[in-house]
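Below, each chain spelled out in residue letters.
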Amino acid sequence: VQLQASGGGLVQAGGSLRLSCAASGRTFSTYAAGWFRQAPGREREFVAAISWNGGYAYEADSVKGRFTISRDNGKNTVYLQMSSLRPEDTAVYYCAARGDYSGSYFIGIYEYDYWGQGTQVTVSS
């Protein structure tokens, strides 16, 4: 499966953005998905994850209550709605996927097999 992330940009602190991750090549409804981010000089970190059918979702503590992951399998797309953005949210955001029909979500980088190219999110203070 190929993943294409989009929706990043420059936003002021307190603002909102919605990232999209469009999948192609396979039936995306049989894949769990996740979002990760990497700031300059830092390791890639988990942001949010969702099961193949959206039945289970989980956001990292650092974004809980501000970010929401969702998906539309009819559109082969996973979203990350980000609100109340902070300068520390500045990073390149990556979407990821792995084949899974168990209904689980995954938070480890090495649990994913497919990665998008990343989209830059910059939050100014």
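This is a predicted model, so every value here is computed, not measured. (Residues numbered from 1 in each chain as written. Predicted model: local features only at pLDDT ≥ 70, side-chain atom pairs only at ≥ 80, totals over all residues. Heavy atoms only, no water.)

Visitor: Got a sec to walk through the environment of Asn76? Specific residues and values, please.
Guide: Its place among the elements puts Asn76 in the loop between strand 7 (67–72) and strand 8 (77–82). Along the backbone, Asn76 and Phe28 are 48 residues apart, and their C-alpha atoms lie at a distance of 5.6 Å. Setting aside residues no more than four positions away along its own chain, Asn76 makes contact with Cys21, Ala22, Ala23, Arg26 and Phe28. (Helix = DSSP H or I, 4+ residues; strand = E, 2+ residues; numbered from the N terminus. Contact = heavy atoms within 4.5 Å.)

Visitor: Before we move on, can you summarise the state of the cysteines with the specific residues and values?
Guide: Enumeration according to the criterion identifies one disulfide in this entry. Across the disulfide from Cys21 sits Cys95; the S-S distance is 2.2 Å. Between Cys21 and Cys95, the disulfide has an S-S torsion of 65° and is therefore right-handed. Here Cys95 lies in strand 9 (residues 91–99) and Cys21 lies in strand 3 (residues 17–24), a separation of 74 residues in the sequence. (Disulfide = S-S within 2.5 Å.)

Visitor: Let's hear about a nonpolar patch on the surface: which residues, and what values?
Guide: Together, Tyr56, Tyr105 and Ile107 line one region of the surface with nonpolar side chains, adding up to about 310 Å² of accessible area. Following the sequence through the fold, Tyr56 ends up in the loop between strand 5 (45–50) and strand 6 (57–59). Judged by relative accessible area, which is 53%, Tyr56 ranks as exposed. (Patch = residues over 30% accessible without salt bridge, like charges linked within 9 Å, V, L, I, M, F, W, Y side chains within 5 Å. Areas by Shrake-Rupley, 256 points an atom, 1.4 Å probe, with all protein chains shown as cover. Salt bridge = Lys/Arg side-chain N within 4 Å of Asp/Glu carboxyl O. Buried < 20%, exposed > 50% of the residue type's maximum accessible area, 1.4 Å probe, protein only.)

Visitor: I'd like a description of the environment of Ala22, backed by residues and values.
Guide: Structurally, the position occupied by Ala22 is in strand 3. You can call Ala22 partly exposed: its relative accessible area is 35%. Taking the C-alpha atoms as reference points, Ala22 and Gly55, 33 residues apart in sequence, are found 19 Å from one another.

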